Amino acid sequence: RPNHLLLLAVLLVAPVAASWKLADGKRWWILVGWYAAVSAFTYFIYADDKQRAQKKEWRAPENALQFFAFAGGWPGAFLAQRRIRHKNAKLRFQLLFWFIVGVHQFVAIDYLLDWRMVRTVMPHG
């Protein structure tokens, strides 16, 4: 749905901008490529897990799904949750998933702000 793609695009702004800054405008595609590769892999795991659930077969552990989301695959997990409707109704799973997305957003935004938020909470000296 277009609104899901719009939300994903908005959520990707800070991580892509932080990747650009971290790579100093050079080779930023390596970091973006990491997000893309892990996202594709995470999407595949979700799709495979959904098929296995329908066939009543062995399933991927939820912590594995969350691990790959945390490792940078949260965009792929987001798309899988929306497109194939897998793990999108389980509240506990969703709370942890959105916490992971929030951590990625916080780190990216704070990095873009030269760690201003972290320094406010944890002043050095």
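Refer to the structure printed above.
This section reports on the structure supplied with the text. Values in this document were obtained by computation on a predicted structure and should not be read as measured data.

Conventions we followed
- Residues numbered from 1 in each chain as written.
- Predicted model: local features only at pLDDT ≥ 70, side-chain atom pairs only at ≥ 80, totals over all residues.
- Heavy atoms only, no water.
- Core = buried A, V, L, I, M, F, W, Y, C linked by side-chain atoms within 4.5 Å.
- Buried < 20%, exposed > 50% of the residue type's maximum accessible area, 1.4 Å probe, protein only.
- Helix = DSSP H or I, 4+ residues; strand = E, 2+ residues; numbered from the N terminus.
- Contact = heavy atoms within 4.5 Å.
- Expected span 1.5 Å × (residues − 1).
- Axes fitted to C-alpha atoms, helices over the stretch in contact; angles between N-to-C directions.
- Parallel < 35°, antiparallel > 145°, perpendicular 65-115°, else oblique.
- Nonpolar A, V, L, I, M, F, W, Y, C, P; charged D, E, K, R; others polar.
- Left-handed = near helix turned anticlockwise from the far one by under 90°.
- Polar contact = N/O pair within 3.5 Å; in protein donor to acceptor, adjacent residues only side chain to side chain.
- Phe/Tyr/Trp six-rings, centres within 6.5 Å; stacked < 30°, edge-to-face > 60°.
- Lys NZ or Arg CZ within 6 Å of the ring centre and 35° of its normal.

**Some details on the nonpolar core**
Line of reasoning, step 1. Counting 17 residues, the largest nonpolar core has Y46, L65, A69, W74, A77, F97 and V101 as its most contacted members.
Line of reasoning, step 2. Looking at this core, the element that brings in the most residues is helix α3 (residues 62–83), giving six residues.
Line of reasoning, step 3. For A77, the contacting residues outside a window of four places in its chain are T42, Y46, A69 and F97.

**Points about helix α4 (residues 91–112)**
Line of reasoning, step 1. Compared with the 32 Å implied by 1.5 Å per residue over 22 residues, the 31 Å span of α4 between its first and last C-alpha is a close match.
Line of reasoning, step 2. Residues of α4 that are buried include every one of F93, Q94, F97, I100, V101, H104, Q105, A108, D110 and Y111, and no others.
Line of reasoning, step 3. Buried residues in α4 make contact with α1 (2–22), α2 (28–54), α3 and α5 (116–121).
Line of reasoning, step 4. Trailing α4 by a residue or two, D114 shows a phi angle of about 55°, which is positive.

**Observations regarding the packing of α3 against α4**
Line of reasoning, step 1. The geometry of α3 relative to α4 is characterised by a closest axis approach of 10 Å and an angle of 90° between their N-to-C directions. One way to sum up the angle between α3 and α4 is to call them roughly perpendicular. Between α3 and α4, the contacting residues are E62, L65, Q66, A69, F70, G72, W74, A77, F78, Q81 and R82 on the first element and F93, Q94, L96, F97, W98, I100, V101, V103, H104 and Q105 on the second.
Line of reasoning, step 2. Residues of the contact of α3 with α4, tallied by class, amount to 13 nonpolar, six polar and two charged.

**Here's the deal with the packing of α2 against α3**
Line of reasoning, step 1. Contact geometry of α2 with α3 gives a least axis separation of 7 Å together with a crossing angle of 60°. As α2 runs across α3, the sense of the crossing is right-handed.
Line of reasoning, step 2. Residue composition of the contact of α2 with α3, grouped by class: 16 nonpolar, six polar and two charged.

**Concerning the side chain of Q105**
Line of reasoning, step 1. Within the secondary structure, Q105 is located in helix α4.
Line of reasoning, step 2. Taking relative accessible area as the criterion, Q105 reaches 12% and is therefore assigned buried.
Line of reasoning, step 3. Only 2.7 Å separates the side chain of Q105 from the backbone oxygen of L11, close enough to count as a polar contact.
Line of reasoning, step 4. Sequence-distant contacts of Q105, that is, excluding residues within four places in its chain, are made with L11, A14, P15 and W74.

**Some remarks on the packing of aromatic side chains**
Line of reasoning, step 1. Summed over the entire model, instances satisfying the criterion amount to eight aromatic pairs.
Line of reasoning, step 2. Ring centres of F67 and F68 lie 5.3 Å apart, and the angle between their planes is 75°; this geometry places the pair in the edge-to-face category.
Line of reasoning, step 3. Residue F67 is classed as exposed on the basis of its relative accessible area of 51%.
Line of reasoning, step 4. Judged by relative accessible area, F68 falls into the partly exposed class, the value being 24%.
Line of reasoning, step 5. Each residue in the set F41, F67 and F68 is aromatic and connected to the rest through ring pairs, giving one cluster.
Line of reasoning, step 6. The aromatic ring of Y111 is capped on one face by K21, whose charged end is 4.8 Å from the ring centroid.

Nothing here speaks to function; it is geometry throughout.
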